[in-house]
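Secondary and tertiary structure notes
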Amino acid sequence: MKIFHTADWHLGKLVQGVYMTEDQQYILQQFIQAIDDEKPDVIVIAGDLYDRSMPPIEAVNLLNDVLAKIVLEKQIPVLAVAGNHDSAGRLNFGSRLMSDSGLYIKGQFTKDHVPIILNDQYGEVHFHLVPYAEPASIRHIFEDETIRSHQDAMQRIIDHITQDMDASKRHIFVGHAFVTKYGEEEANTSDSERPLSIGGSDCVNAALFKPFHYTALGHLHKAHFVLNETIRYAGSPLKYSLSEHLHEKGFLIIELDEHGKSIVTKRKLVPRRNLRIVEGQLEDLLKLPPSDDYVFVRLTDTTTVSSPMERIRSVFPHAMHVERKILRQESPRELQVVETEKLEDIDLFRSFFTNIIGIQPDEDTERLFTEMLQELLDEERETVK
């Protein structure tokens, strides 16, 4: 069976105030062309189809058009799950009706989970669709007060799936989570992706997915495997933040043999406009060849620069951001470059607090900030449901 694994489309995404819908349409046309070229048996979308719970109408229309072409015109089934950016209820609506046409969307996990079964020349392949879910939601579903973290929730979900799993069949897990090699806290691969919680409790141990022949994941925007090559993130199809400027975007092609072993190939997608960094003194940058790319400009000028964005856009009309490099003196003879987009939330808070108050925040103040940030993240995810 040939499977296309993609994720994190984030339709309706705004980057520095620029709607990416036309860029997304451009890249999805390449994806559809790849479907014509490769003729996959099934398409898997591992969450975050939209960028927010109430996407703009242009994003809804784009998703509708793309899915109609794949499912109705090309008659290739699509299996998708809701991510933490999606509205689980909205995606779940009508899913039973749409499945008759070959579109299987799982917005909410339920206790009566059953796999989607597709067939190839070797027999059945069972796809287990597991959308993003808060630990509190899984705790309520299973009436288990011991479920407190994302690790606990995923463990309970997989235990529930595997208790009735037919070991003679091939099994594919499709999910949206922050999976790390041993469940340890790791840095996110993109600043554009929201943290699921504060303090590392959002991380899930990759060892949980050993019962499955292949695990198709979404949430992290950089394509990579975790623990072994059968547990993979496809990454996003476009660059959605400065932190992704070195990513090679695309999707994965999985060829599953009769024994469940997979050969994975990455297919690159070429954007309409690249997102990249240009750095240097303003006068030098103004001498560069004109470019339509989305550029983030880092000026190294040590003197005052007037109207930098206006002047930069004479060469880079789609420039998204201009900033000065901050030089922090560590000693009389040493200067350290601080790139503001790489600072963590707590570091930004400390810097802001110190600039306003004049002293470093104490432990109690930092704890209050962390608790308030967690509450805001929880409230934001509640609005997405």
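My aim in this report is to walk through the structure given alongside it, one point at a time. As the structure is a prediction and not an experimental result, all values here were calculated from the model.

1. Some words on helix 5 (residues 135-142)
Within the sequence span of helix 5, burial applies to P135, I138, R139 and F142. The buried residues of helix 5 all sit within an arc of 105° when viewed along its axis, so they share a single face. Contacts made by the buried residues of helix 5 are with helix 6 (150-162). Remark: E143 follows helix 5 within two positions and exhibits a positive phi of approximately 50°.

2. Things to note about the environment of L14
Considering the arrangement of structural elements, one finds L14 in strand 2 (residues 14-15). When its relative accessible area of 36% is taken as the criterion, L14 is described as partly exposed.

3. A few points about unusual backbone geometry
Even without glycine at this site, K39 takes up a positive phi of about 55°. By secondary structure assignment, the location of K39 is in the loop between helix 1 (21-38) and strand 4 (42-45). In this structure, L227 takes a positive phi of about 70° despite not being glycine. On the secondary structure map, L227 appears in the loop between strand 13 (224-226) and strand 14 (228-233). On the basis of relative accessible area, L227 is assigned to the partly exposed category, the value being 28%.

4. Quick notes on the sheet that holds strand 4
Within the open sheet, the six strands sit side by side as 6-5-4-1-15-16. Their pairing is mixed. What marks the edges here is a single partner per strand, and that holds for strand 6 (103-106) and strand 16 (262-268). Across this sheet, the average inter-strand angle for adjacent strands is 20°, counted without regard to direction. As paired elements, strand 1 (residues 2-6) and strand 15 (residues 250-256) share four bridges and run antiparallel to each other. Looking across to strand 15, one finds that I3 is bridged to I254. Packed on one face of the sheet, helix 1 meets strand 1, strand 4, strand 15 and strand 16 and runs near 170° to strand 1.

5. Examining the side chain of D51
Following the sequence through the fold, D51 ends up in the loop between strand 4 and helix 2 (57-73). Judged by its relative accessible area of 9%, D51 is buried. Of note is the side chain of D51, whose polar atom sits 2.9 Å from the side chain of H10.

What counts and how
Residues numbered from 1 in each chain as written. Predicted model: local features only at pLDDT ≥ 70, side-chain atom pairs only at ≥ 80, totals over all residues. Heavy atoms only, no water. Buried < 20%, exposed > 50% of the residue type's maximum accessible area, 1.4 Å probe, protein only. Helix = DSSP H or I, 4+ residues; strand = E, 2+ residues; numbered from the N terminus. Arc of directions from axis to C-beta. Contact = heavy atoms within 4.5 Å. Pairing = 2+ DSSP bridges. Axes fitted to C-alpha atoms, helices over the stretch in contact; angles between N-to-C directions. Polar contact = N/O pair within 3.5 Å; in protein donor to acceptor, adjacent residues only side chain to side chain.

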